Amino acid sequence: MKIETKSTSLESQSNKALIIKKYLPLYVMMIPSILYYVLFVYKPMGGLAIAFQDYSLFKGIIGSEWVGFIHFKEFLTTPYFFRTMKNTIVLNVWLLVFSFPAPIIFALLLNEVRNLRVKKVVQTLSYMPHFISTVVIAGIVINLLSPSYGIITKFVEMICGERIYFLVNPHYFRTIYTVMNIWQTVGYGAIVYIAAISGIDSELYEAAVIDGANKFKQIWHITLPSILPTVVTMLILRVGGMMRDSTDTILLLYNPSTYEVSDVLGTYVYRRGLLDADYSYSTAVSIFNSFIGLLLVVGTNYVSKKVTEYSLW
């Protein structure tokens, strides 16, 4: 019995060695990615300790005094807590309601285009904003909405008879931010859904046509259920990034007159950490931000598993 067990273990070890030898080039290709995550993702996590210290650049992490959860308590009791949390949630809810469905709708519409040349042109034009720097995109938006020479501002002035200062009016910030996000991400975000739609068996559509189903019914009863796992996965990932996404975009668009509706956790961390050099406090806020993001991912995954039976784990 022992001999059989030893021979079985030897066979399994030899099989593992053969598998490693067979896929050795792929393992070698993984090394740069592994090094990247080790050096730039996991190694810097040691610096999170300064959130529990009265950190000093001159004393370093080892020499700085430990203060526990003082910075967390300070953030939770400051007036900025309610403002930044509210704005973070509201802006991301806007993106979930308007920006998240946009690539799905765009992919569904693009799938119905039968002229291949038109389809390729539309796809290419929709992808372009994603590959342009966010700084450039924000600059274009600012120029379009400029009160002195902006095309959109002049057009609105012609219709309404008065000049509207979009970028300094808090009432328009969320709309501007959401529309800019849709413009920049709708084409590239649709790639995943277009790929999922292309994998649907064409015989399902043929059977639906025989049964008398029109285009809307085909989309509702065949296309959407078929891409539902992809939609759920992208939704969970999107919710997980709610607390940290698009901070750079907001930094480029906001100004003190719109802080009331645009100041989110990410921008608050930027001002306290880099501009005010309060590294311990800003790190504590960033950890709190990440913790909320983790809860959102776990919660969304749980709800998705209960409702749709699809989840990440």
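Once a new chain begins, its residue numbering starts again from 1 and follows that chain's sequence as written. Only residues with pLDDT of at least 70 get local features here, since the model is predicted, and only at 80 or more are side-chain atom pairs given and counted; chain-wide, interface and lining totals rely on the full set of residues. Heavy atoms throughout the structure, all of them, feed into the side-chain values; hydrogens and water do not.

Description of the overall build of the chain
Right, on to step 1. Numbering of helices and strands runs from the N terminus, with a helix taken as a DSSP run of H or I at least four residues long and a strand as a DSSP run of E at least two residues long. Looking only at helices and strands, the chain features 16 helices and 2 strands.
Right, on to step 2. Both definitions apply: the radius of gyration is a C-alpha atom measure, and the globule rule equals 2.2 Å times residues to the power 0.38. Over its C-alpha trace the chain gives a radius of gyration of 26 Å, far above what one expects of a compact globule, namely 20 Å for 313 residues.
Right, on to step 3. If one aligns the C-alpha atoms of the chain with their principal axes, the spans along those axes are about 85 × 70 × 35 Å.
Right, on to step 4. Only heavy atoms matter for contacts: two residues are in contact if any of them lie within 4.5 Å across the pair. Taking the contacts inside the chain whose residues are at least 6 apart along the sequence as the reference set, 65% of them involve residues at least 24 apart.

Examining the packing of helix α5 (residues 79-99) against helix α10 (residues 170-198)
Right, on to step 1. Whenever a helix is involved, its axis is fitted only over the stretch in contact; in every case the axis is a line through C-alpha atoms, and angles between N-to-C directions fall within 0 to 180 degrees. Running from amino to carboxyl end, α5 crosses α10 at an angle of 45°, the nearest separation of the two axes being 10 Å. In terms of axis orientation, α5 runs oblique to α10. Crossing hand, α5 versus α10: right-handed. Two secondary-structure elements touch here, α5 through K86, N87, V90, L91, W94, L95, F98 and S99 and α10 through F173, R174, T175, Y177, T178, N181, I182 and T185.
Right, on to step 2. Of the residues belonging to the contact of α5 with α10, the class tally is 8 nonpolar, 6 polar and 2 charged. Oblique is the label for every angle not falling under 35 degrees (roughly parallel), over 145 degrees (roughly antiparallel), or within 65 to 115 degrees (roughly perpendicular). The sense of a crossing depends on the near helix, which, turned anticlockwise from the far helix by less than a right angle, makes the crossing left-handed and, turned clockwise, makes it right-handed. Each residue is assigned to one of three groups, with Ala, Val, Leu, Ile, Met, Phe, Trp, Tyr, Cys and Pro labelled nonpolar, Asp, Glu, Lys and Arg labelled charged, and all others, Gly among them, labelled polar.

Side note on the packing of α10 against helix α12 (residues 215-240)
Right, on to step 1. Here α10 crosses α12 at 145°, and the two axes come no closer than 9 Å. The element α10 and its partner α12 pack so that their crossing is right-handed. Facing V192, Y193, A196 and I197 of α10, the residues of α12 in contact are T223, I227, T230, V231 and M234.
Right, on to step 2. Tallied by class, the residues present in the contact of α10 with α12 amount to 7 nonpolar, 2 polar and no charged.

Brief notes about the packing of aromatic side chains
Right, on to step 1. Only Phe, Tyr and Trp rings take part, Trp by its six-membered ring, and two of them pair if their centres are within 6.5 Å. Stacked means planes under 30 degrees apart, edge-to-face means over 60, and tilted covers everything else. Per the stated rule, a full pass over the model turns up 20 aromatic pairs.
Right, on to step 2. The interplanar angle of 65° and the centroid separation of 5.6 Å between the aromatic rings of F75 and F288 together place this pair among those described as edge-to-face. You can see F75 sitting in helix α4 (residues 70-77) and its partner F288 sitting in helix α16 (residues 279-307), a full 213 residues away along the chain. Pair check on accessibility: F75 and F288 agree, each one buried. The classification of residues rests on relative accessible area computed with a 1.4 Å probe and restricted to protein chains. Under 20% of the type maximum is buried, over 50% is exposed, and intermediate values are partly exposed.

Overview of helix α11 (residues 202-210)
Right, on to step 1. Any N or O atom pair separated by 3.5 Å or less is treated as a polar contact, with the protein-specific requirement of one donor-capable and one acceptor-capable atom, and with residues adjacent in sequence counted only for side-chain atom pairs. The distance from a side-chain oxygen at the start of α11 to the backbone nitrogen of E203 is 3.1 Å, and the residue carrying that oxygen is D201.
Right, on to step 2. Note on α11: the residue one or two positions beyond its end, G212, has a positive phi of about 90°.

Things to note about the pattern of salt bridges
Right, on to step 1. Take a side-chain nitrogen of Lys or Arg and a carboxyl oxygen of Asp or Glu: if they are within 4 Å of each other, that pair is a salt bridge. According to the stated counting rule, one finds 6 salt bridges in the structure shown.
Right, on to step 2. The partner of D278 in a salt bridge is R272, and the shortest N-O contact between them spans 2.6 Å.
Right, on to step 3. Among the charged side chains, a network of salt bridges with common partners joins R83, D263 and R271.

Quick look at α4
Right, on to step 1. The complete set of buried residues in α4 reads H71, F72 and F75. Each buried residue of α4 sits inside an arc of 100° when the element is viewed along its axis, so together they form one side. Opposite its buried face, α4 presents the exposed residues K73 and T77, each directed more than 90 degrees away.
Right, on to step 2. Where the residues of α4 are buried, they touch β1 (53-54), α5, α15 (265-275) and α16. By arc we mean the arc of the directions from the helix axis to the C-beta atoms, nothing more.

As for the confidence of the model for the chain
Right, on to step 1. Confidence in the prediction of the chain, expressed as mean pLDDT, is 87, and 95% of residues score 70 or more.
Right, on to step 2. Taking the mean pLDDT of every element in the chain, the minimum, 66, falls on helix α1 (residues 2-22) and the maximum, 93, on helix α6 (residues 101-111). Every residue gets a pLDDT, meaning the predictor's confidence in that residue, from 0 to 100.

Let's talk about unusual backbone geometry
Right, on to step 1. Phi angles above zero are rare outside glycine, and A277 is one such case at about 60°.
Right, on to step 2. Mapping A277 onto the fold places it in the loop between α15 and α16.
Right, on to step 3. For A277, a relative accessible area of 40% translates into the label partly exposed.

Observations regarding the side chain of T247
Right, on to step 1. With respect to the element layout, T247 can be found in helix α13 (residues 247-253).
Right, on to step 2. In this structure, T247 is in contact with G266 and T267, ignoring residues within four places of it in sequence.

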